[in-house]
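One letter stands for each residue in the lines below.
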Amino acid sequence: MHQYLKAIGFDGIQTREDLFKILEDVRKNYTHQTIVSYLPGEDFCEIRREYAQSMGISLCGELDEKEVFKPDYYFPYFEGSGISTYAEISVERKIEKEQYVGMCEDSRIGISLIFTLQNGIEYMKERQAGFATDLPASVTLSGLALSGTVLLPVVKDERQLQNEREASDNRKMLLSAARSGDQSAIETLTLDDIDIYSQVSRRLANEDVFSIVDTYFMPYGIECDLYSVMGEILAVRRRKNVLTGTEVCQMKLNVNEMQFDVCVPSASVMGEPEIGRRFKATIWLQGCINF
């Protein structure tokens, strides 16, 4: 059973029989269907059942010559809104199944972001047509979380905010130059990291780490598409799973100046999500390439 089914409101699954009932509901009452030919005599098919706005379950498999659908795998999805990044994207197929992961490097985050591709079947179509080679496209990121914590914001005056914006812009330029092989930029970034480490070490003696760090985006655990994040809440909406009646909370976060949406069960959120506060959670990162 997929661990992140709980994130979209399926918290009552106890046995495989419960799971089969839900997947059968997806097969019979799907809201979207997409088919692409990828092998002689076989088509790859994706059917989706939406259980609330922008979230549901995707069931993927093969469609044989007799139009019989044979499921291969499934995953819960949550579609984000807006554009998260315009960074260069690379896509790879998973070894064991016809599912894809994407990777992009955004200078605002400073690390390579790896995400499960939501519109993999659309990527297959674009690749067959020969349009998916350089991928000059944008990405809409989103995350599923099993639980999370709401934190109060860090109070800053206008001067502090201006200094942070300037420092962030300068760091992005240095990172871009360092990727191009600029040795002086690499040395400057190294010295900056040493200074930041020493400053944080001194402040931690008398302050809490969350009063020093506004937002962060860090890899979590062994899985490549799991991340620990904390970001400022820009918008909050509550939705109910139409099958289970479970309420979920969908939030737009600003993490290191990058915006994306997160979906989490309302009952598993510690604190009251409100605009301006911060949200901290471990997320399974998904993404949709906007071709």
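Our subject is the structure that appears above.
Residues numbered from 1 in each chain as written. Predicted model: local features only at pLDDT ≥ 70, side-chain atom pairs only at ≥ 80, totals over all residues. Heavy atoms only, no water.

A. Structural view of the pairing of strand E10 (residues 226–240). Relative to E10, strand E9 (residues 216–219) runs antiparallel, the two sharing 4 bridges. Bridge pairing in E10 links proline 219 to tyrosine 227. As defined by bridge partners, E10 adjoins strand E14 (residues 278–290) across 7 bridges and the pair is classed as antiparallel. Residue serine 228 lies in a different strand from E14, and its bridge partner there is threonine 282. Sheet topology note: the E10/strand E11 (residues 247–255) ladder contains 8 bridges and is antiparallel. The partner of lysine 240 across the bridge, within E11, is glutamate 247. Between E10 and the antiparallel strand that follows it, E11, lie 6 residues; glycine 245 among them carries a positive phi value of about 80°. (Pairing = 2+ DSSP bridges. Helix = DSSP H or I, 4+ residues; strand = E, 2+ residues; numbered from the N terminus.)

B. Representation of the side chain of aspartate 261 within the structure. Secondary-structure assignment places aspartate 261 in strand E12 (residues 258–265). Within the local environment of aspartate 261, its side chain forms a polar contact with the side chain of lysine 252, the two groups lying 3.1 Å apart. Here aspartate 261 is in contact with Phe78, Gly80, Ser81, Leu141, Ser142, Gly143, Arg237, Met251 and Lys252, once residues within four sequence places are set aside. (Polar contact = N/O pair within 3.5 Å; in protein donor to acceptor, adjacent residues only side chain to side chain. Contact = heavy atoms within 4.5 Å.)

C. Structural context of the nonpolar core. Grouped together as the largest cluster of nonpolar side chains are 68 residues, with contacts concentrated most on Ile57, Leu113, Phe217, Phe260, Phe279 and Ile283. Excluding its chain neighbours within four sequence positions, the residues that come into contact with phenylalanine 260 are Ser84, Leu141, Ser142, Phe217, Val229, Met251, Lys252, Leu253, Val255 and Ile283. Ranked by size, the runner-up nonpolar core spans 5 residues in total, among them Leu174, Leu175, Ala185 and Leu189. (Core = buried A, V, L, I, M, F, W, Y, C linked by side-chain atoms within 4.5 Å. Buried < 20%, exposed > 50% of the residue type's maximum accessible area, 1.4 Å probe, protein only.)

D. Focus on unusual backbone geometry. Phi at asparagine 256 takes a positive value of approximately 50°, unusual for a residue other than glycine. On the accessibility criterion, asparagine 256 (22% relative accessible area) is partly exposed. Positive phi, normally seen in glycine, also occurs at glutamate 257, with a value near 70°. In this structure, glutamate 257 sits in the loop between E11 and E12.

E. Examining the environment of alanine 205 more closely. Summarising the element assignment, alanine 205 is placed in the loop between helix H4 (183–203) and helix H5 (209–212). With relative accessibility at 62%, the residue alanine 205 sits in the exposed group. The spatial distance from the C-alpha of alanine 205 to the C-alpha of arginine 159 is 25 Å, given a sequence separation of 46 residues.

F. Representation of the side chain of serine 84. Relative to the helices and strands, serine 84 resides in the loop between strand E4 (69–78) and strand E5 (89–93). For serine 84, the residues in contact, after removing those within four places along its chain, are Asp106, Arg108, Val139, Thr140, Leu141, Met258, Gln259 and Phe260.

G. Fine view of the pattern of salt bridges. Going through the model one piece at a time under the given rule, you end up with 9 salt bridges. Residue aspartate 261 is joined to lysine 252 by a salt bridge in which the shortest nitrogen-to-oxygen separation is 3.1 Å. Each of Glu46, Arg48 and Glu79 takes part in a single network of salt bridges with overlapping partners. (Salt bridge = Lys/Arg side-chain N within 4 Å of Asp/Glu carboxyl O.)

H. Up close: the state of the cysteines. Within this structure, the stated rule accounts for 0 disulfides. Sulfur of cysteine 45: no disulfide; nearest cysteine sulfur belongs to cysteine 60 and is 8.2 Å away. Assessed through its relative accessible area of 1%, cysteine 45 is described here as buried. Sulfur of cysteine 104: no disulfide; nearest cysteine sulfur belongs to cysteine 224 and is 13 Å away. (Disulfide = S-S within 2.5 Å.)

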